[in-house]
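# Reading the structure
Next come the chains, spelled out residue by residue.
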Amino acid sequence: MPQAPLSRCHWCGDDPLYIAYHDEEWGRPQHDEHKLFEMLILEGAQAGLSWITILRKRDGYRRAFNGFDPVKVAQMSEEDVERLMLDSGIVRNRLKIRSAIRNAKVFLQLQQQHGSFDQWLWSHTDGCSLVNHWQSPAECPATSALSDNISRELKKAGMNFVGSTVIYAYLQATGVINDHLQGCHQHPHYTPA
């Protein structure tokens, strides 16, 4: 007997890259420092663009930004910015490229001040994922009090391209917030019909 197709959040559609991201990454608690940095860079790059555009360029970003090693990214120079402006594997936006370098420096400062970026980030939710129970996409917000607060703290620390909407998407991506719809097979309380 054939299995019924899995129920997923509407936004991933039928693109295999999007489906894999949805099923294997989005909404899952992330504690790896490199992955947390990677998603911060990618979410900042996504500002004003579609997420699928960034996913399709992810390997280009990985190559361009030294495997998302924050130490190496923090050491990048203006020469690197000019080189990356010619790299079609990433979004060639000078402000976003400079932002990645600047944000890497702040990321390292937060690691030093708090033991790890992971500890700093997850301290905002006492180490627990916030699981929402949205029934439809219309219920899911673009920002929250949590994203407002983290955005404010990151800006104060010196980061940019970290507005509340970008940070809310970041929190979803790293599993600090689980916004899989109630009917999605990735929701912790999903029960098949």
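Residues numbered from 1 in each chain as written. Predicted model: local features only at pLDDT ≥ 70, side-chain atom pairs only at ≥ 80, totals over all residues. Heavy atoms only, no water.

## Observations concerning empty space enclosed by the protein
Under the counting rule described, the total for this entry stands at one cavity of 30 Å³ or more. One number sums up the size of the largest cavity: a volume of about 100 Å³. Around the largest cavity, the lining is made up of 14 residues, and of these I41, G44, A45, K96 and A100 lie nearest the centre. Those elements giving two or more residues to the lining of the largest cavity turn out to be α2 (33-46) and α7 (94-114). The dominant element in the lining of the largest cavity, judged by the number of residues it contributes, is α7, at five residues. Looking at side-chain class alone, the lining of the largest cavity contains nine nonpolar, four polar and one charged residues. (1 Å grid on protein atoms, 1.4 Å probe; cavity = no way out; pocket = protein on both sides within 12 Å on 5 of 7 lines; lining within 4 Å. Points joined across faces, edges and corners; volume = space filled by probe spheres on them. Helix = DSSP H or I, 4+ residues; strand = E, 2+ residues; numbered from the N terminus. Nonpolar A, V, L, I, M, F, W, Y, C, P; charged D, E, K, R; others polar.)

## Side note on the nonpolar core
Ranked by size, the top nonpolar core spans 54 residues in total, and within it Y61, F65, F117, L121, L154, M159 and L171 carry the most contacts. Not counting the four nearest positions on each side in its chain, L121 is found in contact with L36, I150, Y170, L171, T174 and V176. (Core = buried A, V, L, I, M, F, W, Y, C linked by side-chain atoms within 4.5 Å. Buried < 20%, exposed > 50% of the residue type's maximum accessible area, 1.4 Å probe, protein only. Contact = heavy atoms within 4.5 Å.)

## A short note on the packing of α2 against helix α10 (residues 164-173)
With their axes 9 Å apart at the nearest point, α2 and α10 run at an angle of 140 degrees to one another. Between α2 and α10, the angle is such that the two are oblique. For the pair α2 and α10, the crossing hand works out as right-handed. Note on element contacts: α10 touches α2 through V166, I167, A169, Y170 and A173, opposite L36, M39, L40, E43 and G44. (Axes fitted to C-alpha atoms, helices over the stretch in contact; angles between N-to-C directions. Parallel < 35°, antiparallel > 145°, perpendicular 65-115°, else oblique. Left-handed = near helix turned anticlockwise from the far one by under 90°.)

## Let's talk about the layout of surface pockets
Quantified by volume, the largest pocket comes out at close to 430 Å³. Of all elements in the fold, only α1 (16-24), α2 and α10 reach the threshold of two or more residues within the lining of the largest pocket. Ranked by residues supplied to the lining of the largest pocket, first place goes to α10 with four residues. Class assignment of the residues belonging to the lining of the largest pocket gives a composition of 13 nonpolar, four polar and two charged.

## Observations concerning the side chain of D179
Relative to the helices and strands, D179 resides in the segment after β2 (177-178). In this structure D179 is buried but unpaired, with R28 as the nearest side chain of opposite charge at 15 Å. Only 2.6 Å separates the side chain of D179 from the side chain of Y168, close enough to count as a polar contact. Apart from the residues within four sequence positions on either side, D179 is in contact with W26, N132, W134, C140, Y168 and Q172. (Lys, Arg positive; Asp, Glu negative; His and termini not counted. Salt bridge = Lys/Arg side-chain N within 4 Å of Asp/Glu carboxyl O. Polar contact = N/O pair within 3.5 Å; in protein donor to acceptor, adjacent residues only side chain to side chain.)

## Considerations on the packing of aromatic side chains
By the definition in use, this model includes eight aromatic pairs. Three or more aromatic residues joined by ring pairs make a cluster, and in this case those are W11, Y18, Y21, W26 and W51. (Phe/Tyr/Trp six-rings, centres within 6.5 Å; stacked < 30°, edge-to-face > 60°.)

## Re the pattern of salt bridges
Following the criterion strictly, the structure yields twelve salt bridges and no others. With its nearest N and O atoms 3.0 Å apart, the salt bridge here joins R62 to E38. Pair noted here: R62 is in helix α4 (residues 58-64) and E38 is in helix α2, with a separation of 24 residues, a long-range link. With a relative accessible area of 30%, R62 lands in the partly exposed category. Since its relative accessible area comes to 3%, E38 is described here as buried. A salt bridge links E82 to R94; the shortest N-O distance between them is 2.5 Å. Here E82, found in helix α6 (residues 78-84), pairs with R94, found in helix α7; they are twelve residues apart in sequence, far enough to count as distant. Overall, the relative accessible area of 30% leaves R94 in the partly exposed class. Taken together, the shared-partner salt bridges connect E25, K35, E38, R58, D59 and R62 into one network.

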